[in-house]
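This is what each chain is made of:
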Amino acid sequence: MDRIGLNVPVFVDSPLGLEITAIYSSLESYWDQEAKDLMAQGDHPLDFKGLYAVRKFQDHQKLLKIPGPAIIIAGSGMCTGGRIVDHLEQGLDDPANDIVFVGYQVQGTPGRKMIEGKIHVKATVHTLSAYSAHADRQMLVDWVHAMPEPPGEIRLVHGDADARSALAKALGMERCVVGP
């Protein structure tokens, strides 16, 4: 059993996620104090007993058939493509499963439809919205206003249309383009 009390395997089934984890691992000097303390105690925060990297597609296919409980971290945040689609197809109809969305799900995507109950699933769906990797509106406004010289134009193309419009207004810039 590891430090968080789990006795189930954890699979990272995302080639891009594995690459990013390797990069983050190489930047130890920038880690927060908690991660540095764990490392000093010999407990690597990104490499622990029971953690498995799924690099090859053939291994991904084998993972789909493993029996018993497991934690599977798979990419494609909106569930529109990638390995997560296979895991969802296999696991959504099993009430013993939990699907955890970490961060925002765009309107109209399969991820958002699952959260809203527009896609019938027997698995329990959870949302951890506090873990988004994106800056919030105020952080973006502060960042732009802290620039020594404001940009000539800002194009807002990510997020819901209402949120993009609100951000454009908060930025107070004449040359703020709200895209699709």
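Bear in mind the structure is a predicted one, so any value in this text is a computation, not a measurement. (Residues numbered from 1 in each chain as written. Predicted model: local features only at pLDDT ≥ 70, side-chain atom pairs only at ≥ 80, totals over all residues. Heavy atoms only, no water.)

It is not clear to me how the packing of helix H6 (residues 137–145) against helix H7 (residues 161–171) should be interpreted in this structure. Could you clarify?
Axes are the key here: two packed helices are described by the angle between their axes and the distance separating the axes. It is at 10 Å that the axes of H6 and H7 come closest, and there the two elements cross at 35 degrees. In the crossing of H6 with H7, the sense of the turn from one axis to the other is right-handed. Along the contact surface, H6 presents Arg137, Leu140, Val141, Val144 and His145, while H7 presents Ala166, Leu167, Ala170 and Leu171. (Axes fitted to C-alpha atoms, helices over the stretch in contact; angles between N-to-C directions. Helix = DSSP H or I, 4+ residues; strand = E, 2+ residues; numbered from the N terminus. Left-handed = near helix turned anticlockwise from the far one by under 90°. Contact = heavy atoms within 4.5 Å.)

Which parts of the structure should I look at to understand unusual backbone geometry?
Negative phi values dominate among residues other than glycine, just as trans dominates among peptide bonds. The backbone of Cys79 sits at a positive phi, close to 65 degrees, despite the residue not being glycine. Inspection of the secondary structure assignment puts Cys79 in the loop between strand E3 (71–74) and helix H4 (83–91).

What am I meant to see in the sheet that holds strand E1 (residues 10–13) here?
Pairing between the strands of a sheet is mediated by backbone hydrogen bonds and can be parallel or antiparallel. The strand order E2-E1-E3 describes an open sheet built from three strands, whose pairing is parallel. The open sheet is flanked by strand E2 (51–53) and E3, the only strands paired with a single partner. Direction aside, neighbouring strands of the sheet carry axes that sit 20 degrees apart on average. (Pairing = 2+ DSSP bridges.)

In short, shape yes, function no, at least from these values alone.
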